[in-house]
Amino acid sequence: MRAKFGPQSNSHEEGYDKVTWTTDVETHPPWLRFHLGISRWELYNRKDPNLAQLTHYLATQHILGSVQKKGGTQLKLLISFPNYGQALLKPMKQTRHAETDVNLFYFSDFERHNAEIAAFHLDRLLGFNRIPPVVGRLINVTTEIKEITTDRRLSKTFFTSPAGNVCFYGQCEYYCSVEHPVCGQPHMLEVSLATMLPDLTIAPRRSWRSPWRRSYSRTKLAQWEKDPAYCDTVKQTPPYNQGTRLVDLIDMAVLDFLMSNMDRHHYETFEQFGNNTFLLHLDNGRAFGRHSQDEPSILAPLQQCCRIRRSTFLRLRLLSLPDFRLSDIMRESLTQDPLSRVAPLLSEPHLSALDRRLAKVLQVVQTCQEKHDDVIYNDIEGHDQGPRSAVTA
């Protein structure tokens, strides 16, 4: 798949910048450089200077358009920028210190804007680089959504609350009602903005049902919850019977356990790279809901398969040391986000929970090593790079 640019394009739509992109990467906006840098093994290189430019652009660019994004169960908006970039917006629904109600099922929980931001930072600190860059931002609900939206369904849901705050609720399956509005204070609203992946017409993605998907039922259990030997079946089933797909899935389970995300029913990969590629860690809004307890079932892939990448294991051990404690590194990383100037993105109890859960992951690995000889999958000796990018200039 190729992104084609003329030597000096004269395309210029109302409100958008004049396009002057060429095949020279220096002429490309940050979002396009991000797209072109996606490789078989990761969304971005941790040393890529474009990452800082991209997050700065998300946090500061003038917002040209706001419409509701179709699909999904909760409210999210598609934001457009003058340089043709786009971002996925998730609004603040509850305070940083609010914990998920213990009586709520995992599939009924709120999506949290700060969870999306924190998940990006955690994924990066673990060395995965599989979540598109996310940044927090304060936006004006009136001037940056209500007054510029062309979405009639969305515009009909705006109102002023009895407290004088500008609110809206959109249309979706859960929590899109007058009883569950998104409100500014009185106009300003905290949101997360996630970089959009390349359009599906340019870089098609395949959606895979997770073998450890939950039942999404109030009464039924999934097969993996009833069968301790469930992984034996998974390991004989393509694509988990060869390559790195199984340890990739276990990486994702480790990430989800650390941030207490039970809502991982599907995952995606880029079709161009076939089965030998990384998994996209998308849609993390239901993470970091409860810091006071852990959900051991999220670690079922690791517990049942007793397999983990050497690189992941070494990173986890490093982050358990006093000088590199995960909570400390995470706290420092989150201070780079613009919303940290308003309030910490994660409360101290959530940060402490990361250390507690990390110790539990390492304990599971140790238990596995006491029973099996082939727990550590050596992925450090190098691998075939294959096609460099999902989108090639």
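The text that follows walks through the structure, step by step, so that each part is easy to find. Computed from a predicted structure; not experimentally measured.

1. A short note on the pattern of salt bridges
- Tallied over the full model, the rule gives 18 salt bridges.
- When the shortest N-O distance is used, the salt bridge between Asp248 and Arg309 registers 2.3 Å. Here Asp248 is found in helix α8 (residues 245-258), whereas its partner Arg309 is found in strand β11 (residues 308-309), with 61 residues between them in sequence.
- Taking the relative accessible area as the measure of exposure, Arg309 reaches 9% and is therefore buried.
- Arg325 is the partner of Asp328 in a salt bridge, and the nearest nitrogen-oxygen pair spans 3.5 Å.
- Asp328 gets classed as partly exposed once you look at its relative accessible area, which sits at 32%.
- Here the salt bridges do not stand alone but share partners, grouping Arg130, Asp248, Asp251, Arg309 and Asp379 into one network.

2. Concerning helix α2 (residues 50-60)
- All of the buried residues along α2 are Asn50, Leu51, Leu54, Tyr57, Leu58 and Ala59.
- The inward-facing, buried residues of α2 contact α1 (30-36), β3 (86-91), α3 (113-125), β4 (134-140) and β8 (188-195).

3. Quick notes on the environment of Thr95
- Assignment of secondary structure puts Thr95 in the loop between β3 and α3.
- Sequence separation between Thr95 and Leu138 is 43 residues; the distance between their C-alpha atoms is 15 Å.

4. Section: the sheet that holds strand β6 (residues 166-168)
- Taking strand neighbours across the sheet as the criterion, the 3 strands line up as β5-β6-β7 in an open arrangement whose pairing is antiparallel. At either end of the open sheet lies a strand with only one pairing partner, and these are β5 (159-160) and β7 (182-183).
- Relative to β7, β6 runs antiparallel, the two sharing 2 bridges. Of the residues in β7, the one forming a bridge with Phe168 is Val182.

5. With respect to the nonpolar core
- Within the largest apolar cluster, 99 residues are counted, with the highest numbers of intra-cluster contacts made by Leu122, Phe168, Trp212, Phe288 and Met330.
- Apart from the residues within four sequence positions on either side, Phe288 is in contact with Arg112, Ala115, Ala118, Ala119, Leu122, Met259, Ser260, Met330, Leu346, His350 and Leu354.

6. Quick notes on the state of the cysteines
- The full count for this structure, using the stated rule, is 4 disulfides.
- Here Cys231 pairs with Cys305 through a disulfide, and the sulfurs are 1.9 Å apart. The S-S bond linking Cys231 to Cys305 shows a torsion near 110°; that makes this disulfide right-handed. Separated by 74 residues along the polypeptide, Cys231 in helix α7 (residues 230-234) and Cys305 in helix α9 (residues 300-305) bring together distant segments of the chain.
- Cys306 shares a disulfide with Cys368; S-S distance 2.1 Å. Negative torsions about the S-S bond denote left-handed disulfides, and the value of about -75° found for Cys306 with Cys368 makes this one left-handed. Pair noted here: Cys306 is in the loop between α9 and β11 and Cys368 is in helix α12 (residues 348-371), with a separation of 62 residues, a long-range link. Judged on exposure class, the residue Cys306 and its partner Cys368 are both buried.
- Numbered in order of appearance, the disulfide-bonded cysteines of the chain are paired 1-4, 2-3, 5-6, 7-8.

How each quantity is defined
Here, residues in each chain are numbered from 1, in the same order as that chain's written sequence. Under the rules for a predicted model, residues below a pLDDT of 70 receive no local features and side-chain atom pairs below 80 are neither given nor counted, while totals for whole chains, interfaces and linings still include all residues. For side-chain calculations, the full set of non-hydrogen atoms in the structure is used, while hydrogens and water are omitted. Each salt bridge in this description consists of a side-chain nitrogen of Lys or Arg and a carboxyl oxygen of Asp or Glu lying within 4 Å of one another. Starting at the N terminus, helices and strands are each numbered in turn, a helix being any DSSP run of H or I of at least four residues and a strand any DSSP run of E of at least two. Each residue is placed in one exposure class: buried if its accessible area under a 1.4 Å probe, protein chains only, is under 20% of its type's maximum, exposed if it is over 50%, and partly exposed if it falls in between. Contacts are residue-level and defined by heavy atoms, with any inter-residue pair within 4.5 Å sufficient. By definition, two strands form a pair when at least two bridges between them are found by DSSP. In this text, buried Ala, Val, Leu, Ile, Met, Phe, Trp, Tyr and Cys residues form a nonpolar core when linked through side-chain atoms within 4.5 Å. Count a disulfide wherever a pair of cysteine sulfur atoms falls within 2.5 Å.

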